[in-house]
Amino acid sequence: ASAPYLRRSGPALEKDTVLGLVLRLGVPAEHPSMASSFSNPATRTRKDVSQITDGFRRQLELYQGKCNELVKALVVAGAQSRQRVIQWFTDALLLNVNADGTRPDRSKVSSEELLVNLSVVMLKLCEPFINDPKKALLVDPGFVSSPESNGSIYNMTGDNALPRLSQNITDAEALAPYNPKNSFIPLCFFFCSRSLSLTVVPGGGRYENIARNVYHTHRTIRQQNGDLRSDPRFNRLLQIQYAKEIVMMSPTYITDVFRYYNMAAGIFLTMEKDLLKTMPEHIVDDLCSVLVYASSFCAKLLSGVDVGNLYRLTVLLLSKEYSQLVRNYNLRAKLGDVLHDIFLPGNSENHSEVPDSVTCDPLAGGRPYLTSDKLSKETLAPSLLLLYGEVENTGFYEKNDHRTKIAALLKFLWDSPEHKPAFKRITEDKKSFITFANGIINEMNDKFASVMETLPAIRTVQLQMANPQEWGALNEEERETITSRHENNEREVQRSLPLCNSVMKMLGFLNTDKDIRDMFLLPDMCPRLANMLLHVLTKLVGSRGLGLKVENPESYNFRPKEMLQDLCVVFSSFAAADAFQTECAKSGYYTPELMSKSVKTCRKLGLLVGESMDLFDLLATKVEDASKVTISDEDLYQDAPDEFLDPLMQEFMTDPVKLPTSGNIVDRKTITQHLLNDGTDPFNRKKLSIDEVIPANELKEKMKVWLDNAKAKRAAKGN
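Residues numbered from 1 in each chain as written. Predicted model: local features only at pLDDT ≥ 70, side-chain atom pairs only at ≥ 80, totals over all residues. Heavy atoms only, no water.

For the chain, the count of helices and strands is 34 helices and five strands. Here the chain holds 719 residues, and 52% of them are scored as buried. Intrachain contacts of the chain at a sequence separation of at least 6 include 74% that bridge at least 24 residues. One finds the centroid of the 86 positive side-chain charges in the chain at a distance of 3 Å from the centroid of its 91 negative side-chain charges. (Helix = DSSP H or I, 4+ residues; strand = E, 2+ residues; numbered from the N terminus. Buried < 20%, exposed > 50% of the residue type's maximum accessible area, 1.4 Å probe, protein only. Contact = heavy atoms within 4.5 Å. Lys, Arg positive; Asp, Glu negative; His and termini not counted. Charge placed at Lys NZ, Arg CZ, Asp CG, Glu CD.)

Below is the structure:
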């Protein structure tokens, strides 16, 4: 036909074309037949469910095999037949661009069944070059820059534009000449990537949503002492979940998807940077989504799959060299998640179900990719420090999860001798390190205070719910309100505390290195570090945080004694530094009583021993001495001329600098801290970077003369 359905919809494509009719069959998760097959799922054993699932899967794969045979026969039947198949593929992808949503409009897009079968067909057409790396080299990346060849599927403009890896693509690069050695292989490769983007990628998200709904419904029914086996909503959700597993946990289908993306990663690794940046961003985003989905729901299916190219591409794109190429912070964060979820070897802290055969490189004697890969040993530690700061630009809640995972990766690398040289080099990039350090300090300041305020509220509701008389006296609306607020509080603590724990441990192990410790002692960072540490100490010791009780504290990752121990380790590592002692003394959180109580608590609980305990004890004395000097200096500064005071903080400046954008003079540490969170001049909101500020040397010399004279007068008066 002449394809009149192009002006219509995905459903029309499905009903009015031969291939649409052929590929439309499948296992619709919400169809009544599925509900009947998985009737009363809450009463069934997992073995029983698996038998039903496997039966449907065998039938589906038999049918898909026949579809593959038909399409192959049409492709090899001649040039005209092949071209008409290609046109149908093109139409199917163009008409279903919106099929990747959480709840796509089925009046406009084709059914999930047709799109899944299309992806299976495309994977089968890619099989020859998935299995043969030499044939894979025939995938010409110029295909995406040739609208004539790709049927406008990869347009960079318009409503259905597909972004490229880099945001800086010139018109010439976007429309580069395309003269492939083999035109069919590139078409199959890139059309397959689009079909997977419309099926298995959103399918993973939909399955996760169903699994989450099943979990929360199960929990709610249990809390209300309901009957799971007879609850209609719970059983209906289980039916849909089991039906979706027919496809989304199919060993054949999901394994083929893994193999495709590993091949795609291998192709990307062969490209020069200028060519790689023109590649569709969704391919990298999709491979991340598929791997993260697999780590949560079907990790065992990764067993025996080669993922070496996926690992190497992830490390390459995270490297500083490529950080300016990939500027999508959400995508960069997902690359970090892949390293954690797939390639971090399982241990007591990382309860991963990913097989060891996946996390380890068979070509490196079975050692983990993280410790055996050459590029990783050179770049990964600084890449992760950079990424830690970058994820500030992701979602408010998402950044917690990202940073917790990055911290776990950094701990693993720190404990690996192979990465010691890279950690030694991270202090060479002062700007990146300060951005990273600023990020972890901000997290602790924001999250820990909130957690320590929320935990008592959680405890209050737990006691209320455990008292049948008190809980029963409330009406249903009051109970629902309290329960909803309680669940929100629990989610907030469960999101925040793992990150707080990780940050404190990270500060502990990083600062065992002198060069890194010296970076934290810089004037830009030391005041903020001291303030944050004393703030946490106040919450744990000064506010009786150690005595705070909640039911099932492990479910919240609430381990106050362990955190206090980690905190005291950090204090002891900085105890001998004069600058740290002074900044602790200046902190508004410091009191002699807080330090004294902390030392006694630490000694009583045996949190520190030997030299570490002695250093922590010494710090309390040193900070008290520094506090006396600080009070004396503050009295001196009261008579200082206004021009010597920072206009933002009203403190005596130590290193005055002029802002070229407004002409104002502020202390360097003040503007440095401001620019870490906001890249504008605080006086007029014009763009500004720390490299642009100008030292106010004349004023600094004038201040020195005044201060020397003031100290001399004070000394003379004292004599």
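The next thing to look at is the side chain of E490. Along the polypeptide, E490 turns up in helix α26 (residues 476-510). Residue E490 is classed as buried on the basis of its relative accessible area of 6%. Within the structure, the side chain of E490 is placed 2.6 Å from the side chain of R219, a separation counted as a polar contact. Residues in contact with E490, not counting those within four places in the same chain, are R219, I458 and Y556. (Polar contact = N/O pair within 3.5 Å; in protein donor to acceptor, adjacent residues only side chain to side chain.)

A word on a nonpolar patch on the surface. Together, L648, M649 and F683 line one region of the surface with nonpolar side chains, adding up to about 260 Å² of accessible area. Looking at the secondary structure, you find M649 in the loop between α32 (610-637) and β3 (656-658). Taking the relative accessible area as the measure of exposure, M649 reaches 47% and is therefore partly exposed. (Patch = residues over 30% accessible without salt bridge, like charges linked within 9 Å, V, L, I, M, F, W, Y side chains within 5 Å. Areas by Shrake-Rupley, 256 points an atom, 1.4 Å probe, with all protein chains shown as cover. Salt bridge = Lys/Arg side-chain N within 4 Å of Asp/Glu carboxyl O.)

A few words on the nonpolar core. For soluble globular proteins, nonpolar side chains are generally found buried alongside one another. Core analysis: the biggest nonpolar cluster contains 206 residues, and F89, Y260, L507, L533, F571, F580 and F616 have the highest contact counts within it. Judged by nonpolar contacts, the second largest core, of eleven residues, contains A640, F644, M653 and M703. (Core = buried A, V, L, I, M, F, W, Y, C linked by side-chain atoms within 4.5 Å.)

In this model, the second largest pocket occupies a volume close to 1,100 Å³. Listed by contribution, the elements that provide at least two residues to the lining of the second largest pocket are α17 (320-323), α21 (374-390), α24 (430-466) and α33 (668-677). Looking at which element gives the most residues to the lining of the second largest pocket, the answer is α24, with eight residues. Partitioned by chemical class, the residues of the lining of the second largest pocket number eight nonpolar, 14 polar and 14 charged. (1 Å grid on protein atoms, 1.4 Å probe; cavity = no way out; pocket = protein on both sides within 12 Å on 5 of 7 lines; lining within 4 Å. Points joined across faces, edges and corners; volume = space filled by probe spheres on them. Nonpolar A, V, L, I, M, F, W, Y, C, P; charged D, E, K, R; others polar.)

Let us look at unusual backbone geometry. In this structure, N557 takes a positive phi of about 60° despite not being glycine. Under the relative-accessibility criterion, N557 is labelled partly exposed at 23%. Its identity is not glycine, yet R685 carries a phi of approximately 65°, on the positive side. Along the chain, the position of R685 falls in the loop between α33 and β5 (694-695). By relative accessible area, which is 48% here, R685 ends up partly exposed.

With that out of the way, let us pick up empty space enclosed by the protein. Taken as a whole and judged by the stated rule, the model has three cavities of 30 Å³ or more. The calculated volume of the largest cavity comes to roughly 50 Å³. For the largest cavity, the full set of lining residues is L60, E61, Q64, V116, V120, I246, V247, S250 and Y253. When contributions to the lining of the largest cavity are tallied by element, the ones reaching two or more residues are α4 (46-76), α6 (112-130) and α12 (232-248). In terms of residues, the lining of the largest cavity owes the most to one element, α4, which gives three residues. For the lining of the largest cavity, the per-class residue count stands at six nonpolar, two polar and one charged.

Glancing now at the packing of helix α29 (residues 560-574) against α32. The N-to-C vectors of α29 and α32 enclose an angle of 75°; their axes lie 8 Å apart at closest approach. Judged by the inter-axis angle, α29 sits roughly perpendicular to α32. In contact with C568, F571 and S572 of α29, α32 contributes S612, L615, F616 and L619. Grouping the amino acids of the contact of α29 with α32 by side-chain chemistry returns five nonpolar, two polar and no charged. (Axes fitted to C-alpha atoms, helices over the stretch in contact; angles between N-to-C directions. Parallel < 35°, antiparallel > 145°, perpendicular 65-115°, else oblique.)

Spatial ordering of the open sheet is given by β4-β3-β5, a layout of three strands whose pairing is antiparallel. For this open sheet the edge positions go to β4 (665-667) and β5, each flanked by a neighbour on one side alone. Where β3 meets β5, two bridges bridge the pair, whose relative direction is antiparallel. The residue of β5 that forms the bridge with V657 is P695. The strands touched by α33 within the sheet are β3, β4 and β5, with β4 carrying the most contacts at an inclination of about 85°. (Pairing = 2+ DSSP bridges.)

This part covers the pattern of salt bridges. Enumeration over the complete set of coordinates arrives at 33 salt bridges. Between D566 and K505 there is a salt bridge, with its nearest N and O atoms 3.1 Å apart. Taken together, the residues D566 in helix α29 and K505 in helix α26 connect sequence positions 61 residues apart. Overall, D566 belongs to the buried group, its relative accessible area being 14%. Ionic pairing is found between K704 and D708, a salt bridge with its closest N-O pair at 3.0 Å. Taken together, the residues K704 and D708, both in helix α34 (residues 697-718) and four residues apart, mark about one turn of the helix. In this structure, a network of salt bridges that share partners links the residues K505, E554, R559, E562 and D566.

Along the chain, S502 falls in helix α26. Discounting residues that sit within four places of it in the chain, S502 has contacts with T404 and A407.

The next point concerns a negative patch on the surface. A cluster of like negative charges, contributed by E476, E477, E478 and E480, occupies part of the molecular surface. Inspection of the secondary structure assignment puts E478 in helix α26. Judged by relative accessible area, which is 36%, E478 ranks as partly exposed.

The next subject is the confidence of the model for the chain. Per-residue confidence for the chain gives a mean pLDDT of 90, with 97% of residues at or over 70. Scored below 50 in pLDDT, residues 1-6 makes ten contacts in the model with residues more than four places away or belonging to other chains. (pLDDT = per-residue confidence, 0-100.)

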